[in-house]
Amino acid sequence: MLGKSLRIISVLMLFALTVLAQIVPAGSTITVRVGSEISSGTAKAGDRFDATLAHNLVVNGKTLAKAGAPARGKVASAKSSGRLHAPGELALRLTAVQVNGRMIPISTRSHLAKGKSHTKSNATKIGGGAAAGALIGGLVGGGKGAGIGALAGGGAGTGVAAATGKEEAVIPAEAVLTFTTIAAATAK
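Residues numbered from 1 in each chain as written. Predicted model: local features only at pLDDT ≥ 70, side-chain atom pairs only at ≥ 80, totals over all residues. Heavy atoms only, no water.

*Asks:* Honestly, the overall build of the protein in this entry has me stumped. Any pointers?
*Replies:* On a plain count of helices and strands, the protein comes out with two helices and 13 strands. Across the 188 residues of the protein, 31% fall into the buried class. Put simply, 66% of the contacts in the protein that link residues at least 6 apart link residues at least 24 apart. Total accessible area on the protein stands at roughly 10,900 Å², and carbon and sulfur atoms take up 62% of it. (Helix = DSSP H or I, 4+ residues; strand = E, 2+ residues; numbered from the N terminus. Buried < 20%, exposed > 50% of the residue type's maximum accessible area, 1.4 Å probe, protein only. Contact = heavy atoms within 4.5 Å. Areas by Shrake-Rupley, 256 points an atom, 1.4 Å probe, with all protein chains shown as cover.)

Written out as structure tokens, the structure reads:
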């Protein structure tokens, strides 16, 4: 009888410790403010970033960490922008948050950021260059000059688009990002 009671008590204590160890359950949202700018042009997968909680971290009505508590994350992936296509992309994950004075490892879904599309900007630069070239060529050399000017202007516009066309994904310093945990965070 005593042996059975000890086993029940042991199981209950193990259960209680397990419940207490799960500090931040899966599906919790954590909102942070990043410490410095992160750009797809310079970031690499694995780079670390620092952040602070933007709001109190509250679980089941209990505040586990106050706004301003430290948090850490990493760049999950980074792809720099191409010159005429494919804007830059960033994927960030939160990896730790300070709870009760201890950094607790966490696992979150990625926060994705994409640079602006190149399409409209490139069309404006190339089309504008072609139109300007056609106008100048038409004034100087008539119809034939307009055709040659349009080609030259379009080429110049393409050069301008290529020179200025990088559209990186940028998360500015002090940006507020929200992450969702995908697994329960436990105290170790």
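Next comes the rest of the write-up.
*Asks:* Looking at this structure, I do not really get the pattern of salt bridges. What am I missing?
*Replies:* A side chain of one charge can pair with a side chain of the opposite charge when the charged atoms of the two come close. Across all of its chains, the model carries one salt bridge by this definition. A salt bridge links E89 to K114; the nearest nitrogen and oxygen atoms lie 3.7 Å apart. One end of the pair, E89, is in strand β8 (residues 89-99); the other, K114, is in strand β10 (residues 111-114), with 25 residues separating them in the sequence. Residue classification places K114 among the exposed residues on the basis of a relative accessible area of 60%. (Salt bridge = Lys/Arg side-chain N within 4 Å of Asp/Glu carboxyl O.)

*Asks:* How do you make sense of unusual backbone geometry when you look at a structure like this?
*Replies:* Most peptide bonds adopt trans geometry, and most residues besides glycine take a negative phi value. One non-glycine residue, N60, lies in the positive phi region at around 50°. The topology assignment puts N60 in the loop between β5 (57-59) and β6 (62-65). On the basis of relative accessibility, which here comes to 80%, the residue N60 falls in the exposed class. Unusually for a residue other than glycine, E174 sits at a positive phi of about 75°. Relative to the assigned elements, E174 resides in the loop between β11 (170-171) and β12 (176-180). Using a relative accessible area of 48% as the deciding quantity, one classes E174 as partly exposed.

*Asks:* Honestly, the nonpolar core in this entry has me stumped. Any pointers?
*Replies:* Generally speaking, a soluble globular protein has its nonpolar side chains buried in company with each other. L57 and I171 are the most contacted members of the largest nonpolar core, which totals 31 residues. With residues near it in sequence (within four places) discarded, I171 still touches V34, S36, E37, I38, L90, L92, H111, A113 and L177. (Core = buried A, V, L, I, M, F, W, Y, C linked by side-chain atoms within 4.5 Å.)

*Asks:* Looking at this model, I keep getting lost on the side chain of S28. Mind explaining?
*Replies:* With respect to the helices and strands, S28 occurs in the loop between β1 (22-24) and β2 (29-34). Relative accessible area serves as the criterion here: at 12%, S28 is assigned to the buried category. Within polar-contact distance, the side chain of S28 engages the backbone oxygen of P25 at 2.7 Å. (Polar contact = N/O pair within 3.5 Å; in protein donor to acceptor, adjacent residues only side chain to side chain.)

*Asks:* Looking at this structure, I do not really get the pairing of strand β4 (residues 48-53). What am I missing?
*Replies:* Successive residues of a regular strand alternate their side chains across the two faces of the sheet. Alternating positions in β4 separate cleanly, F49, A51 and L53 being buried on one face and R48, D50 and T52 remaining unburied on the opposite face. As paired elements, β4 and strand β7 (residues 70-79) share five bridges and run antiparallel to each other. Within β7, the residue paired with F49 across the bridge is G73. (Pairing = 2+ DSSP bridges.)

*Asks:* Would you take a moment to explain the pairing of strand β9 (residues 102-105) for this structure?
*Replies:* In the sheet, β8 pairs with β9 via four bridges, with the strands oriented antiparallel. Across the sheet, residue V97 finds its bridge partner in β9, namely I104. What sits between the antiparallel neighbours β8 and β9 is a turn of two residues, in which N100 has the positive phi angle 55°.

None of the figures reported here should be taken as evidence of function without further support.
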